[in-house]
Amino acid sequence: MGDELPEQLITTAYFVAAEAVVNAAKYAQATRIGVQVTRSPEAVRIRVEDDGCGGAQARPGSGLTGLTDRVVALGGSLTMHSPAGAGTAIEVVLPCGL
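Residues numbered from 1 in each chain as written. Predicted model: local features only at pLDDT ≥ 70, side-chain atom pairs only at ≥ 80, totals over all residues. Heavy atoms only, no water.

Visitor: So what's going on with the pattern of salt bridges? Residues and values would help.
Guide: Summed over all chains, the structure comprises 2 salt bridges. Its salt-bridge partner being Glu49, residue Arg47 comes within 3.4 Å of it at the nearest N-O pair. With relative accessibility at 27%, the residue Arg47 sits in the partly exposed group. (Salt bridge = Lys/Arg side-chain N within 4 Å of Asp/Glu carboxyl O. Buried < 20%, exposed > 50% of the residue type's maximum accessible area, 1.4 Å probe, protein only.)

Below, the structure is given as structure tokens:
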């Protein structure tokens, strides 16, 4: 397999980044959205930040809860920092050794 990542990890990384950007564009009133993806031998890290209104919360049945469930199913983690009035940052870590 070499440097290839498992298809399940690639798909999850894509959906995490896409959903986070859509949420920021739709709800955050952001003027800037940044996406950073990095890979180490152990993990793929995805960070999506915006300069919007903040205050995002993961609620049952929400897109953020769905993202968290998808990430956790692969043994990863999702953290979010979203103080009211100060934008939102979502960071996801997906282990490479699936």
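Visitor: Can you lay out the sheet that holds strand β4 (residues 88-95) for me, pointing to particular residues and giving the numbers?
Guide: The antiparallel open sheet is built from 4 strands, whose spatial order is β1-β2-β4-β3. Two strands lie at the open edges of the sheet, namely β1 (33-39) and β3 (77-81), each paired on one side alone. Across the sheet, the axes of successive neighbouring strands diverge by a mean angle of 10°, strand direction being ignored. Taken together, the 7 bridges between β1 and strand β2 (residues 43-50) define a ladder with antiparallel strand orientation. Pairing of Thr38 across the sheet is with Arg45, part of β2. Its contacts with the sheet place helix α1 (residues 7-27) against β1, β2 and β4, and it is angled at close to 5° to β2. Across the face of the sheet, helix α2 (residues 63-73) comes into contact with β3 and β4 while running at roughly 150° to β3. (Pairing = 2+ DSSP bridges. Helix = DSSP H or I, 4+ residues; strand = E, 2+ residues; numbered from the N terminus. Axes fitted to C-alpha atoms, helices over the stretch in contact; angles between N-to-C directions. Contact = heavy atoms within 4.5 Å.)

Visitor: Tell me about the environment of Pro83, and name the residues and values.
Guide: Mapping Pro83 onto the fold places it in the loop between β3 and β4. In this structure the C-alpha to C-alpha distance between Pro83 and Gln57, which are 26 residues apart in sequence, comes to 9.9 Å. Not counting chain neighbours up to four residues away, the residues in contact with Pro83 comprise Cys53, Gly54 and Gly55.

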